[in-house]
Amino acid sequence: MASAPCLGTGFPTLVAAMLLMAVAPALPAQPLNSTKPGAAIVDSDIRQEEALSKTEAGKVITAIDRTRENIGTVRKTTRLDTVDIVFLTDAARSEGGPPPAIENKVKQHQDDVAELRQEIEANALLFNAIDSRRVLAEDVLAVEFDNPGKIVIYAAAKPPK
């Protein structure tokens, strides 16, 4: 009795690779000529504003106090309608850092703030949102979720020119 030819163990892999190569041109990619690559990656409206830390201190301190619970929300976030980045320009390192009230609150919650920054770096959506505005994760003081589709990121930084 004649046996059927053995195709080997590499055959299924070869077929899968050929199928992927045939389908790959149809997959969407980020346009290279886009003026807003961050928005293409994030697929959210990224807005920015400048503020003084003394006018936003209450909101920032409240957000810092809620950092522990916001870490879990950052970890689970996969889609947002709006990302608001608030640049606290007078709290930037070049200006001497945050004012004492905010700095003391950051120190009080330093482990949570450090973990929040790590979670932002690990979250592709949020990392690309801040990176599109040239904000370093280490400049993020706090985040605040206004509603399920919106986040406010408070950064001790100046906006890009």
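Residues numbered from 1 in each chain as written. Predicted model: local features only at pLDDT ≥ 70, side-chain atom pairs only at ≥ 80, totals over all residues. Heavy atoms only, no water.

## Structural notes on the overall build of the chain
Formally: Counting from the N terminus, the helices are the DSSP runs of H or I reaching at least four residues and the strands are the DSSP runs of E reaching at least two. Think of it in three bands: residues with accessible area under 20% of the maximum for their type are buried, residues over 50% are exposed, and the middle band is partly exposed, with areas taken using a 1.4 Å probe on protein chains only. Contacts were defined at the residue level, with two residues in contact if any of their heavy atoms lie within 4.5 Å. Reported accessibility uses the Shrake-Rupley method at a 1.4 Å probe radius. Residues are deemed covered only where the shown protein chains occlude them.
A count of helical and extended segments in the chain gives seven helices and four strands. Going residue by residue from the N terminus, the α and β elements of the chain occur as α-α-β-α-α-β-α-α-α-β-β. In the chain, which comprises 161 residues, the proportion classed as buried is 39%. Across the chain, contacts joining residues at least 24 apart in sequence account for 77% of those joining residues at least 6 apart. Total accessible area on the chain is roughly 10000 Å²; 55% of this is exposed by carbon and sulfur atoms.

## What about helix H6 (residues 110–122)?
Let me state the cut-off plainly: For a helix, the expected span equals 1.5 Å multiplied by the residue count minus one. Think of the arc as the fan of directions from the helix axis to the C-beta atoms.
With 13 residues, H6 extends 18 Å from end C-alpha to end C-alpha; this agrees with the ideal 18 Å at 1.5 Å per step. Those residues of H6 not exposed but buried are Asp112, Val113, Leu116, Arg117, Glu119 and Ile120. Seen end-on, H6 carries its buried residues on one side only, within an arc spanning 160°. Away from its buried face by more than 90 degrees, H6 exposes Gln110, Asp111, Gln118 and Ala122. Its buried side turned inward, H6 meets helix H3 (53–65), helix H4 (67–76), helix H5 (100–108), helix H7 (124–132) and strand E3 (140–147).

## A short note on the confidence of the model for the chain
Definition in use: Confidence of the predictor at the level of single residues is given by pLDDT, which spans 0 to 100.
Per-residue pLDDT for the chain has a mean of 84; in total, 74% of the residues score no lower than 70. Segment residues 26–40 is flagged for pLDDT under 50; beyond a separation of four residues in sequence, or across chains, it makes nine contacts in the model.

## Details of the pattern of salt bridges
Operational definition: Every case where a carboxyl oxygen of Asp or Glu lies within 4 Å of a side-chain nitrogen of Lys or Arg is listed as a salt bridge.
For the structure on display, the rule yields 13 salt bridges. Measuring nitrogen to oxygen at the nearest pair gives 2.8 Å for the salt bridge that ties Glu69 to Arg66. With a relative accessible area of 47%, Glu69 lands in the partly exposed category. With its nearest N and O atoms 2.6 Å apart, the salt bridge here joins Glu115 to Arg68. Of this pair, Glu115 sits in helix H6 while Arg68 sits in helix H4, and the two are 47 residues apart along the sequence. When its relative accessible area of 23% is taken as the criterion, Glu115 is described as partly exposed. Arg68 gets classed as partly exposed once you look at its relative accessible area, which sits at 44%. Within this structure, Arg68, Arg75, Asp112, Glu115 and Glu119 form a network of salt bridges that share partners.

## Focus on the packing of H4 against H6
Where we set the bar: With axes taken as lines fitted to C-alpha atoms, and helix axes fitted only over the stretch in contact, angles between N-to-C directions fall between 0 and 180 degrees. Here the angle decides the label: under 35 degrees means roughly parallel, over 145 means roughly antiparallel, 65 to 115 means roughly perpendicular, and every other value means oblique. In this scheme the crossing of two helices becomes right-handed for a clockwise turn of the near helix relative to the far one and left-handed for an anticlockwise turn of less than a right angle. Three classes are used, and their members are as follows: Ala, Val, Leu, Ile, Met, Phe, Trp, Tyr, Cys and Pro are nonpolar, Asp, Glu, Lys and Arg are charged, and the others, Gly among them, are polar.
Running from N to C, H4 and H6 cross one another at 10°; their axes reach a closest spacing of 9 Å. Compared by their axis directions, H4 and H6 come out roughly parallel. Like other packed secondary-structure pairs, H4 and H6 cross with a definite hand, here left-handed. The residues of H6 that touch H4, namely those facing Thr67, Arg68, Ile71, Val74 and Arg75, are Asp112, Val113, Glu115, Leu116, Glu119 and Ile120. Partitioning the contact of H4 with H6 into residue classes produces five nonpolar, one polar and five charged.

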